[in-house]
Amino acid sequence: MRLLVVIAGLFLYALGIVLTYRSGVGLDPWDVFHQGISRHTPLSFGMANIVVGAALIVLTLALKVYPGVGTILNMFLIGTFVDLLLRFNVIPDIGHLALFWRLLCNALGVGVIGLGTAFYITPRLGTGPRDGLMMRLHTLTGLRVAIVRTSIEVCVLVIGFLLGGTVGIGTLIFALGIGPAVEGSFYLLKKVMAWMHLVSHTRPVARAHMDAVGENATLSGEK
């Protein structure tokens, strides 16, 4: 069940990436980097995601960070799902629409990425390769996580932009929106899980109560 939740989260994450990609108003820093790589190599947008993830896993292994199942799935499945969603045109290109709709599509993508992040992190089967690098550099340097993450993302954003990746207002939307999107998704997921936990514990009690009522009725009938 935990594995299925991780896979569902990675699919949502990929769907969110495709929404921002189709909006055409700017990608998040890592995807600017992936798109830049895809424009100068035979790699597709999704394959560039996979190759970068694999390289980061090798790098973090050298830094004594060992990947979990979720890390490997993150590396492989997000890029695979992205390519499949683009190939089958699940989200059509909306570049011809008014800017309002493109910005709305981009913002929706950021929200879906936040939901996907909450889904794949909650089962605790391993963080993504990029998060692993961030946390290891945080440990080695002693710098705050926010500083480390910002430094990494600024570097990949600049490189991606120089390679021709799409930077725009959507990049700013991601920078400002991804934190609240992830936080809100964790809150929502926590509420849903608490409700499911309550239901799972209520049903046996209710069933025992009904069985007791039925048994009492039977005994009363026998009397």
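Residues numbered from 1 in each chain as written. Predicted model: local features only at pLDDT ≥ 70, side-chain atom pairs only at ≥ 80, totals over all residues. Heavy atoms only, no water.

### A short note on the overall build of the chain
Looking only at helices and strands, the chain has eight helices and zero strands in total. Taken across its 223 residues, the chain has 39% of its residues classed as buried. Of the contacts formed within the chain by residues at least 6 apart in sequence, a portion of 80% connects residues at least 24 apart. For the chain, the exposed area adds up to about 12600 Å²; of that, 72% sits on carbon and sulfur atoms. (Helix = DSSP H or I, 4+ residues; strand = E, 2+ residues; numbered from the N terminus. Buried < 20%, exposed > 50% of the residue type's maximum accessible area, 1.4 Å probe, protein only. Contact = heavy atoms within 4.5 Å. Areas by Shrake-Rupley, 256 points an atom, 1.4 Å probe, with all protein chains shown as cover.)

### What to know about the packing of helix H1 (residues 2–23) against helix H5 (residues 99–121)
At a minimum axis distance of 7 Å, the contact between H1 and H5 shows a crossing angle of 165°. The angle between the axes of H1 and H5 places the two elements in the roughly antiparallel class. Between H1 and H5 lies a crossing of left-handed hand. (Axes fitted to C-alpha atoms, helices over the stretch in contact; angles between N-to-C directions. Parallel < 35°, antiparallel > 145°, perpendicular 65-115°, else oblique. Left-handed = near helix turned anticlockwise from the far one by under 90°.)

### Overview of the packing of aromatic side chains
Applying the stated criterion across every chain yields a total of five aromatic pairs. Plain terms: the ring middles of Tyr 21 and Phe 45 are 4.8 Å apart, the flat faces sit at 25° to each other, and that makes the pair stacked. Of this pair, Tyr 21 sits in helix H1 while Phe 45 sits in helix H3 (residues 45–62), and the two are 24 residues apart along the sequence. Between Trp 30 and Phe 33, the ring centres sit 6.2 Å apart and the planes meet at 70°, which makes this aromatic pair edge-to-face. In this pair, Trp 30 and Phe 33 are both assigned in helix H2 (residues 29–38), three residues apart and thus about one turn of the helix distant. Classification of Trp 30 as buried rests on a relative accessible area of 11%. Residue Phe 33 is classed as buried on the basis of its relative accessible area of 15%. (Phe/Tyr/Trp six-rings, centres within 6.5 Å; stacked < 30°, edge-to-face > 60°.)

### Quick look at a nonpolar patch on the surface
Taken together, the side chains of Val 154, Val 158, Phe 161, Leu 162 and Val 167 present a nonpolar region at the surface, about 470 Å² in accessible area. On the secondary structure map, Val 167 appears in the loop between helix H7 (145–162) and helix H8 (169–222). Among the residues examined, Val 167 registers a relative accessible area of 37% and is labelled partly exposed. (Patch = residues over 30% accessible without salt bridge, like charges linked within 9 Å, V, L, I, M, F, W, Y side chains within 5 Å. Salt bridge = Lys/Arg side-chain N within 4 Å of Asp/Glu carboxyl O.)

### Notes on unusual backbone geometry
With a phi close to 70°, Lys 64 is a non-glycine residue in the positive phi region. Position of Lys 64 among the secondary structure elements: in the loop between H3 and helix H4 (69–87). Given a relative accessible area of 61%, Lys 64 falls into the exposed group. Its identity as a non-glycine residue notwithstanding, Arg 124 has a phi of 60°, on the positive side. Considering the arrangement of structural elements, one finds Arg 124 in the loop between H5 and helix H6 (129–141).

### Some remarks on H6
The terminal C-alpha atoms of H6, which comprises 13 residues, lie 18 Å apart, in line with the 18 Å expected from a rise of 1.5 Å per residue. Of the residues making up H6, those classed as buried are Pro 129, Arg 130, Gly 132, Leu 133 and Met 134. Against the buried residues of H6 lie H2, H3, H4 and H7. The first or second residue beyond H6 is Gly 142, which carries a positive phi of 80°. (Expected span 1.5 Å × (residues − 1).)

### Describing the confidence of the model for the chain
Summary statistics for the chain give a mean pLDDT of 88 and a share of 88% for residues scoring 70 or more. Confidence, read as mean pLDDT per element, is least for H8 in the chain (70) and greatest for H2 (97). Residue range residues 212–223 is modelled with pLDDT below 50. Its contacts to residues more than four positions away, or to other chains, number zero contacts. (pLDDT = per-residue confidence, 0-100.)

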